[in-house]
Amino acid sequence: MIEVENLVYEYPSKRALKGIGLSVRPNTITALVGPNGAGKTTLLRCLAALDTPYDGTVHIAGLNTRDSPRAIHALLGYLPDFYGLYDALSVERCLIFAALAHGFTAAKAKEAAVMAAERVGLSDRLANPAAELSRGLRQRLAIAQAIVHEPKVVLLDEPAAGLDPMARRDLSKLLVSLKESGMTLVVSSHILSELEDYSDEMIIMEDGRVVGGAPVQLRQQQRALIRVQLASARNDLAALLSRHSGVEVLQSDNVSASFRLLGDAQSRVSLLRALVAEGLEIVSFGDAPHQLEAAYFAEVNREAQVS
Amino acid sequence: MNAELQRNFWLELTPRRMTQMAVVLALILLTVNVTPLGRASEFVFEFLFYAIVVLWGTQSAALAVVGEIRGRTWDFQRLSALTPFEMTLGKLLGATSYVWFGGLICLLIILARDLRDDPSRFFADLFYFPAMGLLSQAIALFASLVAIRRRQTRTQFSAFQYQAVGVLAAYVVWQRLRDPLRSSDVMWWGWTIDGQEFHLASLAVFLAWALIGCYRLMRVELQVQTYPTVWLAFILFMAAYMAGFESLSFLPQFLQANDPLSLRLMVPVATLAFLTYVAVLFEPKDHVLYRWLAEMLAKGRTLAVMSRLQCWMIAYAAAMVSGIAVALVGMSGISGLAFLTAPMVVAGLGFLTRDLGIFLFFGLAPGQKRGDMPAIITLGVLYLILPRLLGAAGVPEPAMLFYPLPLAGWIGAIFAWVEAAAMWFLVVSIRGKQTAALPQT
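What counts and what doesn't
Residues numbered from 1 in each chain as written. Chains lettered and ligands numbered in written order. Predicted model: local features only at pLDDT ≥ 70, side-chain atom pairs only at ≥ 80, totals over all residues. Helix = DSSP H or I, 4+ residues; strand = E, 2+ residues; numbered from the N terminus. Buried ≥ 20, exposed ≤ 12 C-beta atoms within 10 Å, placed from the backbone. Contact = placed C-beta atoms within 7 Å. Expected span 1.5 Å × (residues − 1). pLDDT = per-residue confidence, 0-100. Pairing = 2+ DSSP bridges. Domains from an automatic or database assignment. Nonpolar A, V, L, I, M, F, W, Y, C, P; charged D, E, K, R; others polar. Core = buried A, V, L, I, M, F, W, Y, C linked by C-beta atoms within 7 Å. Axes fitted to C-alpha atoms, helices over the stretch in contact; angles between N-to-C directions. Parallel < 35°, antiparallel > 145°, perpendicular 65-115°, else oblique. Left-handed = near helix turned anticlockwise from the far one by under 90°.

Novice: What exactly am I supposed to notice about the overall build of chain A here?
Specialist: Per the secondary structure count, chain A includes 10 helices and 15 strands. Scored against the burial criterion, the 307 residues of chain A give a buried share of 43%. Here the analysis covers contacts within chain A between residues at least 6 apart in sequence; of these, 68% occur between residues at least 24 apart.

Novice: Help me understand the overall build of chain B, please; the structure alone is not making it clear to me.
Specialist: From N to C terminus, chain B includes 18 helices and two strands. With the C-alpha coordinates of chain B rotated into their principal frame, the extents come out at 70 × 65 × 40 Å. The proportion of buried residues among the 441 residues of chain B is 37%. Across chain B, every contact between residues at least 6 apart in sequence was considered, and the portion connecting residues at least 24 apart equals 75%.

Novice: In this structure, what is going on with helix α2 (residues 15-34) of chain B? I would like to understand it.
Specialist: Turn by turn, an α-helix covers 3.6 residues, leaving residues three or four places apart pointing in a common direction. For α2(B), with 20 residues, the first-to-last C-alpha span of 28 Å sits near the 28 Å given by 1.5 Å per residue. Burial within α2(B) is sparse, with just zero of its 20 residues counted as buried.

Novice: Help me understand the confidence of the model for chain B, please; the structure alone is not making it clear to me.
Specialist: As a general rule, the predicted coordinates of low-pLDDT regions are not to be interpreted in detail. Averaged over chain B, the pLDDT score is 88; the fraction of residues at 70 or greater is 90%. For this predicted complex, the interface confidence score (ipTM) comes to 0.83, while the overall pTM stands at 0.84.

Novice: Any chance you could explain the sheet that holds strand β4 (residues 55-60) of chain A here in plain terms?
Specialist: Strands belonging to one sheet form pairs held by backbone hydrogen bonds; the direction of such a pair is parallel or antiparallel. Residues and elements named next belong to chain A. On the basis of which strands lie adjacent, the open sheet formed by four strands has the order β2-β1-β4-β5 and antiparallel pairing. On the outer flanks of this sheet lie β2 (14-24) and β5 (63-64), each paired with one strand and no other. One ladder, built from eight bridges, connects strand β1 (residues 2-11) with β2; its direction is antiparallel. Note that in β2 the partner of E3 across the bridge is S23.

Novice: I would appreciate a short explanation of the domain arrangement of chain B in the present structure.
Specialist: Accessible area lost on assembly of the parts is the figure often given for the size of an interface. All names here are of chain B. When the domains of chain B are assigned, the result is domain 1 (1-226) and domain 2 (257-435). Using C-alpha coordinates to define each centre, domain 1 is positioned 35 Å away from domain 2. Contact residues are listed per partner, giving five residues for domain 1 and four residues for domain 2. Taken together, the residues of the side of domain 1 that touches domain 2 break down into one nonpolar, two polar and two charged.

Novice: Mind showing me how you'd approach unusual backbone geometry here?
Specialist: Negative phi characterises most residues that are not glycine, and trans characterises most peptide bonds. Residue and element names in this part refer to chain A. Unlike most non-glycine residues, N27 shows phi in positive territory, near 60°. Tracing the sequence through the fold places N27 in the loop between β2 and β3 (29-33). With phi around 55°, A49 is a residue other than glycine that occupies positive phi space.

Novice: For this particular structure, what's the right way to read the nonpolar core?
Specialist: Nonpolar side chains in soluble globular proteins tend to be buried together. Core analysis: the largest hydrophobic core is formed by 133 residues, its most contacted members being L95(A) and L135(B). Ignoring sequence-local partners within four residues, the contact set of L135(B) consists of A169(B), V173(B), L203(B), F206(B), L207(B) and A210(B). Counting 49 residues, the second-largest nonpolar core is a separate cluster that includes I235(B), A273(B), L360(B) and F362(B).

Novice: I tried to follow the interface of chain B and chain A on my own but got confused; where do I start?
Specialist: Opposite the 25 residues of chain B that make contact, chain A presents 30 residues. Secondary structure elements with two or more residues in the side of chain B that touches chain A: α1 (3-12), α4 (74-78) and α13 (287-298) of chain B. With five residues, the top contributor of residues to the side of chain B that touches chain A is α1(B). In terms of residue class, the side of chain B that touches chain A is built from 13 nonpolar, seven polar and five charged.

Novice: Where do I start with the environment of H73(A) in this structure?
Specialist: Turning to its location among the elements, H73(A) is positioned in helix α2 (residues 69-75). Sequence spacing of H73(A) and A48(A) is 25 residues, and the spatial spacing of their C-alpha atoms is 6.7 Å. Residue contacts for H73(A): discarding those within four places in its chain leaves A49(A) and L79(B).

Novice: Just checking my understanding: could you explain the confidence of the model for chain A for this structure?
Specialist: When pLDDT is averaged across chain A, the result is 85; 89% of the residues are at 70 or more. The least confident element of chain A, judged by mean pLDDT, is strand β11 (residues 216-217) of chain A at 58; the most confident is helix α3 (residues 91-101) of chain A at 95.

Novice: For this particular structure, what's the right way to read the environment of A420(B)?
Specialist: Residues and elements named next belong to chain B. Residue placement: A420 occurs in helix α18 (residues 409-437). Classification of A420 as buried rests on a count of 20 C-beta atoms within 10 Å. Along the chain, A420 and L352 lie 68 residues apart, while their C-alpha atoms are 8.2 Å from each other.

Novice: Is there a simple way to explain the packing of helix α15 (residues 311-331) of chain B against helix α16 (residues 342-364) of chain B in this structure?
Specialist: When two helices pack together, their arrangement is given by the angle between the helix axes and by the axis-to-axis distance. Residue and element names in this part refer to chain B. The geometry of α15 relative to α16 is characterised by a closest axis approach of 8 Å and an angle of 165° between their N-to-C directions. For the element pair α15 / α16, the angle class is roughly antiparallel. Remark: the crossing between α15 and α16 carries left-handed chirality. In this structure, α15 contributes W312, Y316, A319, M320, G323, V326, A327, G330 and M331 to the contact, and α16 contributes A342, V345, V346, G348, L349, L352 and L356.

Novice: Sorry, what's going on with helix α9 (residues 265-277) of chain A here?
Specialist: Its 13 residues place the ends of α9(A) 19 Å apart at the C-alpha level, agreeing with the 18 Å of an ideal helix rising 1.5 Å per residue. Where α9(A) ends, the next residue or the one after it, G279(A), has phi of about 95°, a positive value.

Novice: Help me understand the environment of L89(A) in this model?
Specialist: Following the sequence through the fold, L89(A) ends up in the loop between β6 (76-79) and α3. Exposure remark for L89(A): the 18 C-beta atoms within 10 Å place this residue in the partly exposed category. Separated by 182 residues in the primary sequence, L89(A) and L271(A) place their C-alpha atoms 60 Å from one another. Dropping the residues within four chain positions of it, L89(A) is found in contact with C94(A), F97(A), P129(A), A130(A) and W10(B).

Novice: Explain the packing of helix α10 (residues 229-243) of chain B against helix α12 (residues 260-282) of chain B here, please?
Specialist: Residue and element names in this part refer to chain B. At their nearest, the axes of α10 and α12 sit 8 Å apart, and the two run at 140° to each other. As judged from the angle between their axes, α10 and α12 are oblique. Regarding α10 and α12, the two cross each other, and that crossing is right-handed. Where α10 approaches α12, its residues I235, M238, A239, M242 and A243 are matched on the opposing element by R264, V267, P268, T271, L272 and L275. Here the residues of the contact of α10 with α12 sort into nine nonpolar, one polar and one charged.

Written out as structure tokens, the structure is:
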């Protein structure tokens, strides 16, 4: 759905994107992660055909952002990191305007506005002025404006910033429901835990580059991410784990390790038995709580070792 | 209906605001009719029209896009399916819809007065007031769209500047059409035209150019690929328009009386040079763009280059071509040319080239955030202070170092181009350093 080749973007004082190449599959949620200043926002703006890159190409659904920027604008929704709303308008009018601005007729616009409001849980606030909404509800309204025209691609820049835990959970559900309705989402954040619930793939950026060079597959059916914790330290923990087939150690120290395991539940049982038999004093063995974080650090560590 | 127009109507034309405006204007009308104001009463609603449509309207127009940027809603609008034409119309007429509501009430009262007192003014006023108001607002919107390219939208003062440009345009129109001292006939390309008719026609033409300018800048803002053909057409129109005048009040009388042929040949070149200065002053000095243009040029991608050329580059090329043509005419020995000489034109082009270098040098200098002001000061020193200082120090003919003068001959032209070459050497050095400082991909 999104193909990027050798993307270069320059500000007068800085090269913000240094030859980015990536691909995003349709109907997925891709997490765009990296530290502040890595170039995530610049990349999203180039993907949205809002800024013209210095070099390289971006194709969205087969359209080139240089040749067909307006066609691309029509088929995507974008929520910037700092967005504004028309505070004096009611929620309903904000959404009707968004639909009209995407070429809907007046009747269809009203219909689309009601549907978008329902999708984000704002049906009971249609008459409220946008200025009166809480931060979480404003976020929902901004997302509703971005999806009112049923875009194929949705780009969200730091969508959960400043939201409380309840609102974050609702946002996760909303994003998953958008994916299930056929949209392709790219969500940027520098807070990994918030992306974990809904991301299928992860692109790691650092200093204007994609670290590792390709999207990292998450939630692989056959490769569970497991964390093991020991009661007493073992210097050979990583080596011990690596000896077993299907195990890929991502991170380890003397008392704990995170690793991927190829196979089903029976494979886990067998591995646990084997580790106990090898004398490890295991106090916990189960799904890693922060899978995305572990994958991120594994990828960053791998990159550091390569360089 | 145009979505942007609709949204602005929702915000601007609320029943309460419309009632307030109508009631206030009705009270003023009542006051004017019951108070002995004499002849002043005739002009109260003209004054109100200027206050509402020009002063207030230019502010609304200047903030139409700038307000969206400040409110962080502009990206959302840029991503809409609205065409550049719809967006321009929606911004220009939508953001000013409330002031037009008040302006139209004033206009109706002005037209009623015309019918009562002087019906011959009716049609002129019917065109003059709305066209002048729309022109001032379009110019304010245009100025704000230019400023967006320069990323100068954050302060209240910036919006005031764009408003001031619109008000200035309205003042020029008012001066041409309402000042009784300027009602004489106009000699233009050999025709003698009634002054009122000529200036009303000019108003219509410049209104069209202002609207086209807004539309073209909106295309750029919405990322639609835009070639500089319309700008080229505009500068050529301006050259032809200015060359048509038999007399120009700002030029020396002896020249206008004694050497009309030189005047007719030089005015288009001077107009193109002036537009080059205006463009280079207001366009962003973007070394990333200049490097990109150089790379694309080296790769032979002419269309890509054309799509991102800056306006000053087009105007400069046009000034050079027309200047060289005029210099060749000057060298051909044609009779009737007293003032114009080829070396003077070549020197003029050299000084123009040097001055562009000065703007770019200060605009591209590292850490230089207000590049234009040092450039303007430098030009002030070069054109106003140094000639006098050198003259006072006893240097013979110092002006030829700084002005294109008819008596300077080819020496003056050589001085001009040496200065231009030195300036551009500095510009290229800066660009080279900045390119070298960038990390490689």
